[in-house]
Amino acid sequence: MSRDCKVALWLFVVSTVIFAATAGQRLRHPSTDTHFVYQAESWLSRRLDLGGPPPHQNDWAEVETLTLKSGKTLSGQFLRANPLRFRTLRGQTEEVPSTEIVSRSKKYYVSFPPFPALAMLPLVAVFHHRTNDVIFSVLLAGMVPALLYFLLRRLPRSAADPPEAPESLDLWLTVLFGFGSVFYFSAVQGQVWFTAHVVASLLCLLYLLCLWPLRPWACGFLCGALFLTRPQMASVGLLFVAESLRDAIGTSSYPTLSDLRSRLLPALRRLLSTLAAFAIPAGLLAGFGMWHNLARFGRAFEFGHSYLQTMQADNIQRFGLMNYQYLPRNLATALTLLPKLLPSYPYVQVSYHGLALWFTSPALLFLLWPQRPQWSSAPPHPPVVDGGERLRGLRFVLLLTVVPIALASLLYQNSGFVQFGYRFSLDYLPLLIILLRVGSPRLADSWLFRAAVVFGVVINLLGALSFNRMPQFYFNGFFPVS
């Protein structure tokens, strides 16, 4: 067994133990929000809805069916702004006076993309509603730092790396992601929202491992699985397209426009073959998800969040799930929220909208000042491609991939509420970690970087210990004012 494998194995063991110890008493029973377990149970019962009312009112899709005096049947929901107006699953709006309604019924659905429920299906078949989503999340979360380390060890190296630096930096970056970011508090909760983040982080790292070297079938499956977990993360498919172009043309770096003009046509057959191998598994999984949505809500890309009965329901009905109207609030959540300081106990409180990303993980600020390394022509370990051109191209493609993923969260109707930190950053945090590694290979030499990682670990440890346990340290507001 190679040294990298041994270190990754130890990282899995140590991370799992830390996550389990932090979860503590939560490991004894399922969380309060086991939506994925209910979804799997519904499938095992050969139905798409829950078959009855949900156990509580937190984030379930509710679809009402009306039978009118005319014999007409409508399925959808009444508008909160005008209770006489009824919007059907097809998006049409009709006025429906109560005197015209002969009967009405409701069905409830899990409104989250279903891949985590697919992953839980064997467990649910055995344990049913007793399936412990906290243990499930903790075990999967323990794999994430190990896979990240393994991935970082396989990235190209630069001449700026002293012999010991690559491993030390890879370990620091692994600690940054696993314990110095909002992944820490998310890993120890269970609950549908955080379980989805853990599953998506695991899938993303597996995808990146299958990207270098290129494995089209595995990448396609994992990209489809990401679409069925956190749909915006399917944008990582851009990385596959870039790698496929490079591989088909046969260049060590990413192709330029002149390369594409002169060499793409002869390589087109190979490129199409690679893309087809990716598209088949990705399309099958995405097709299942779209059929699932169509059968429940009449639209292929409607996972059910449009039918949530929450405080945001009015905004969803007025502006939709994605709208620039949500941008100022989400930018404030991601970039400006700080703890509220109090003159007496508990002395500090955190908004349930969370803390700014740069506060929970200040080491990410080093992305703003990348180093300018001298790239070696023959990286010593691992034997990847030569030169710095591919590394510079990789940075560009990574940034290009981060943009649509981050933008989807910033335009979304929810800020991540309720949370300790900006949890939606987990959708692209693995890509930011890689950007740090290829952009600043000597970060491990910086005491300021190491101090920032340690600060993030301390902050996120406090979050992992207090969130959903110590309500006195949280307040239901936005900006930290009295």
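Everything here concerns the structure above.
Note that this is a predicted model, so its numbers are computed, not measured. (Residues numbered from 1 in each chain as written. Predicted model: local features only at pLDDT ≥ 70, side-chain atom pairs only at ≥ 80, totals over all residues. Heavy atoms only, no water.)

Student: Teacher, can you tell me more about the nonpolar core here?
Tutor: Soluble globular proteins: nonpolar side chains tend toward being buried together. If you look at the biggest cluster of nonpolar residues, it comprises 112 residues, and the most contacted ones within it are Phe19, Phe183, Tyr207, Leu208 and Trp212. Sort the elements by how many residues they give to this core and helix α7 (residues 192-211) lands first, with 16 residues. Leu66, Leu74, Phe86 and Ile101 belong to the second largest nonpolar core, which has seven residues in total. (Core = buried A, V, L, I, M, F, W, Y, C linked by side-chain atoms within 4.5 Å. Buried < 20%, exposed > 50% of the residue type's maximum accessible area, 1.4 Å probe, protein only. Helix = DSSP H or I, 4+ residues; strand = E, 2+ residues; numbered from the N terminus.)

Student: Would you mind going over the side chain of Thr16 with me for this structure?
Tutor: Here Thr16 shows up in helix α1 (residues 3-23). Within the structure, Thr16 has its side chain in polar contact with the backbone oxygen of Phe12 (distance 2.7 Å). Residues in contact with Thr16, not counting those within four places in the same chain, are Val138, Leu139 and Gly142. (Polar contact = N/O pair within 3.5 Å; in protein donor to acceptor, adjacent residues only side chain to side chain. Contact = heavy atoms within 4.5 Å.)

Student: So what exactly am I meant to see when it comes to the packing of helix α2 (residues 35-44) against helix α3 (residues 115-127) here?
Tutor: The relative placement of two packed helices comes down to the angle between their axes together with the axis-to-axis distance. Contact pair α2 / α3: the axes reach a minimum separation of 8 Å and the direction vectors enclose 70°. On the basis of the axis angle, α2 is roughly perpendicular to α3. The handedness of the crossing between α2 and α3 comes out as right-handed. Between α2 and α3, the residues in contact are Phe36, Val37, Gln39, Ala40, Glu41, Trp43 and Leu44 and Pro116, Ala117, Leu118, Met120, Leu121, Val124 and Ala125, respectively. (Axes fitted to C-alpha atoms, helices over the stretch in contact; angles between N-to-C directions. Parallel < 35°, antiparallel > 145°, perpendicular 65-115°, else oblique. Left-handed = near helix turned anticlockwise from the far one by under 90°.)

Student: I keep staring at the side chain of Ser15 and nothing clicks. Help me out?
Tutor: Mapped onto the elements of the fold, Ser15 is located in helix α1. Here the side chain of Ser15 touches Leu11 through a polar contact of 2.7 Å, landing on its backbone oxygen. Ignoring sequence-local partners within four residues, the contact set of Ser15 consists of Gly142, Pro145 and Phe179.

Student: Help me understand the environment of Ser103, please; the structure alone is not making it clear to me.
Tutor: Within the fold, Ser103 resides in strand β5 (residues 101-110). Exposure remark for Ser103: the relative accessible area of 37% places this residue in the partly exposed category. Along the primary structure Ser103 and Leu394 are separated by 291 residues, whereas in three dimensions their C-alpha atoms are 59 Å apart.

Student: How should the packing of α3 against α7 be read in this particular structure?
Tutor: Orientation of α3 relative to α7, taken along the N-to-C sense of each, is 90°, at an axis distance of 10 Å. Viewed along their axes, α3 and α7 adopt a mutual orientation that is roughly perpendicular. When α3 is examined against α7, the residues Phe115, Pro116 and Met120 are found in contact with a partner set consisting of Thr195, Ala196, Val199 and Leu203.

Student: Would you mind showing me how to read the pattern of salt bridges here?
Tutor: For side chains bearing opposite charge, pairing can occur when the charged atoms are close. According to the stated counting rule, one finds 16 salt bridges in the structure shown. Arg154 serves as the salt-bridge partner of Asp4, at 3.5 Å between the closest nitrogen and oxygen. Of this pair, Asp4 sits in helix α1 while Arg154 is found in the loop between α4 (133-152) and α5 (165-179), placing the two residues 150 residues apart along the sequence. For Arg154, a relative accessible area of 28% gives the class partly exposed. Each of Asp4, Arg153, Arg154, Asp170 and Arg437 takes part in one network of salt bridges that share partners. (Salt bridge = Lys/Arg side-chain N within 4 Å of Asp/Glu carboxyl O.)

Student: Help me understand a nonpolar patch on the surface, please; the structure alone is not making it clear to me.
Tutor: On the surface, a nonpolar cluster with roughly 710 Å² of combined accessible area is contributed by Met1, Leu9, Trp10, Val13, Val14, Val17 and Ile18. Tracing the chain through its elements places Val13 in helix α1. (Patch = residues over 30% accessible without salt bridge, like charges linked within 9 Å, V, L, I, M, F, W, Y side chains within 5 Å. Areas by Shrake-Rupley, 256 points an atom, 1.4 Å probe, with all protein chains shown as cover.)

Student: Any chance you could explain helix α8 (residues 216-227) here in plain terms?
Tutor: Three or four residues apart is the spacing at which side chains of an α-helix point the same way, because the helix has 3.6 residues per turn. With twelve residues, α8 extends 16 Å from end C-alpha to end C-alpha; this agrees with the ideal 16 Å at 1.5 Å per step. Most of α8 sits inside the fold, with nine of its twelve residues counted as buried. Turning to α8, its buried residues are Pro216, Cys219, Gly220, Leu222, Cys223, Gly224, Ala225, Leu226 and Phe227. (Expected span 1.5 Å × (residues − 1).)

Student: Help me understand the pairing of strand β1 (residues 60-68), please; the structure alone is not making it clear to me.
Tutor: Within a regular beta strand, the side chains point alternately toward one face of the sheet and then the other, so they alternate between its two faces. Most of β1 is tucked away: seven of the nine residues are buried. Note: β1 against β5, nine bridges, orientation antiparallel. Its bridge partner lying in β5, Leu66 is registered against Arg104. Looking at chain direction, β1 and strand β2 (residues 73-78) are connected through four bridges and run antiparallel. In the sheet register, Thr67 faces β2, and the bridge partner there is Thr73. Hairpin connection, β1 to β2: the antiparallel pair is bridged by four residues, and Gly71 has positive phi, about 90°. (Pairing = 2+ DSSP bridges.)

Student: Any chance you could explain the packing of aromatic side chains here in plain terms?
Tutor: Remark: the centre distance and the inter-plane angle together describe each pair of aromatic rings, the angle taken between the planes. Enumeration according to the criterion identifies 31 aromatic pairs in this entry. For the pair Phe115 and Phe221, a centre-to-centre distance of 6.4 Å together with 75° between the ring planes defines the contact as edge-to-face. Here the residue Phe115 occupies a position in helix α3, and Phe221 occupies one in helix α8, the gap between them amounting to 106 residues. An aromatic cluster is present here, built from Phe185, Trp193, Phe194, Tyr352, Phe420, Phe467 and Tyr474 joined pairwise through their rings. Across from the ring centre of Phe475, 4.1 Å away, lies the NZ or CZ of Lys340, which sits over that ring. (Phe/Tyr/Trp six-rings, centres within 6.5 Å; stacked < 30°, edge-to-face > 60°. Lys NZ or Arg CZ within 6 Å of the ring centre and 35° of its normal.)

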